Structures are given as C-alpha cells and as structure tokens.
Amino acid sequence: VICCITIFVIGLSLLWWIYFLRRKKKTISDEEFIFWKYNQLCYKLATEATRQYLDRQLRKNNIGLEDHLKNWKTRLHPKKGTRYVKCYPSQFNILYPAPPEKVHSSKFDFSLLYKLIRNTLGLIFNWDQPLTSLGVTEEDDIARIHNTRNDIAHNTQLKMSHSEFSRQWKDLKE
C-alpha cells in the first residue's frame, strides 16, 4: 500500500510539472494530455496492485514464486504449453531466468501478472463474464484493470474528456 501511495505521489508530481510545462508551450490538446495522464496512472498503479495481489496469493498458499513457477514450467513453455496458458518467449525468459539470476515479480509487466493470476492460481472466477459495478472482490478488480488496459490500447484517437477521465478514474480507484 505504501509503495502504491509513493508511486501515486511521484506520478502526480510528474504530471503537475508536465502540465505546467505544457501550458507554456501548447503542444498537445487537453484531451490528449488527459488520455496520457490516465494511461500513465493506470499502467503504474494497476501493475503494482496486481503484483501485490499475486505475491499475497502465493504467501496465502504457503508457496514461493520460484516453486510455484516450477510447477507450471511445462504449461507456460512457449512451444509446449497449452493455448491460453503458454507464454511468449520473452515472458518465459523473465519467469525462468538463467542462473544465477533469480525470478522476482517486480520484473513482471501487467500482461504477465494477469496471465499468471488467471491461469496458475486455481482461482474460481469467471474471468470472461461481463463486469458490473456490483463485483467487489479483488478478482473483479483485476478483471477491471485488464479491461481498462484493453480500452486504453484500443483508443485510436488517444484522447479523453475531463468527464470521461473522472468517470473512469472513479470506477478504477474504487
């Protein structure tokens, strides 16, 4: 939680400076800046929250990350793995680094964290169900983050209004 707060404060400070400098030189529109701000906040905060969730679930199951990944190595392998579980070669190299380097969840991006949470923790959750505002579990939050990232990735205009930012940020932070 402290790490998320620290990242949030640093992010807001950075955004304030960028906003201040951008006002001096009008290079992008307000809507483009709002989209960029939302994108940055989502990627940084969402990835850290998802990482903390994975680490917490592994501790709850009394298994370390390295041991957990050993149990899934064949199914996560890019050539041998099953359709939805297998990793890309670059992801696999992060999960199974060459010795003496050790695997650590801090090196995982959101996509890899989501893949591990969805496919290796044995959670009973319908990841493909449409989300409603009634869902309040941590798994609902992870699915919301995933959907938000997809919405950002598929926003071809790279713009967002103030009201849209307020609505989406409220949904995500709650």
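Everything below is about the structure shown above.
All of these numbers come straight from a predicted model, not from anything done at the bench.

1. Observations regarding the overall build of the chain
When helices and strands are counted, the chain shows seven helices and zero strands. Helices and strands appear in the chain in the N-to-C order α-α-α-α-α-α-α. In the chain, which comprises 174 residues, the proportion classed as buried is 37%. Across the chain, every contact between residues at least 6 apart in sequence was considered, and the portion connecting residues at least 24 apart equals 62%. Only carbon and sulfur atoms are counted for the fraction: they give 57% of the accessible area of the chain, which is about 11,300 Å².

2. Regarding the packing of aromatic side chains
Scanning the entire structure with this criterion turns up four aromatic pairs. A centroid spacing of 4.6 Å and a plane angle of 40° characterise the contact between Phe92 and Tyr96, whose relative ring orientation is tilted. We note that Phe92, like Tyr96, is buried. Between Phe110 and Tyr114, the aromatic rings sit 5.9 Å apart at their centres with planes inclined by 20°, giving stacked as the arrangement. Residue Phe110 and its partner Tyr114 are both found in helix H5 (residues 110-120); the two are separated by four residues, about one turn of the helix. Over the face of the ring belonging to Trp72 we find Arg75, whose NZ or CZ atom lies 4.0 Å from the ring centre.

3. Description of the environment of Leu45
Within the secondary structure, Leu45 sits in helix H2 (residues 30-60). Sequence spacing of Leu45 and Ile145 is 100 residues, and the spatial spacing of their C-alpha atoms is 9.9 Å.

About the cut-offs
Residues numbered from 1 in each chain as written. Predicted model: local features only at pLDDT ≥ 70, side-chain atom pairs only at ≥ 80, totals over all residues. Heavy atoms only, no water. Helix = DSSP H or I, 4+ residues; strand = E, 2+ residues; numbered from the N terminus. Buried < 20%, exposed > 50% of the residue type's maximum accessible area, 1.4 Å probe, protein only. Contact = heavy atoms within 4.5 Å. Areas by Shrake-Rupley, 256 points an atom, 1.4 Å probe, with all protein chains shown as cover. Phe/Tyr/Trp six-rings, centres within 6.5 Å; stacked < 30°, edge-to-face > 60°. Lys NZ or Arg CZ within 6 Å of the ring centre and 35° of its normal.

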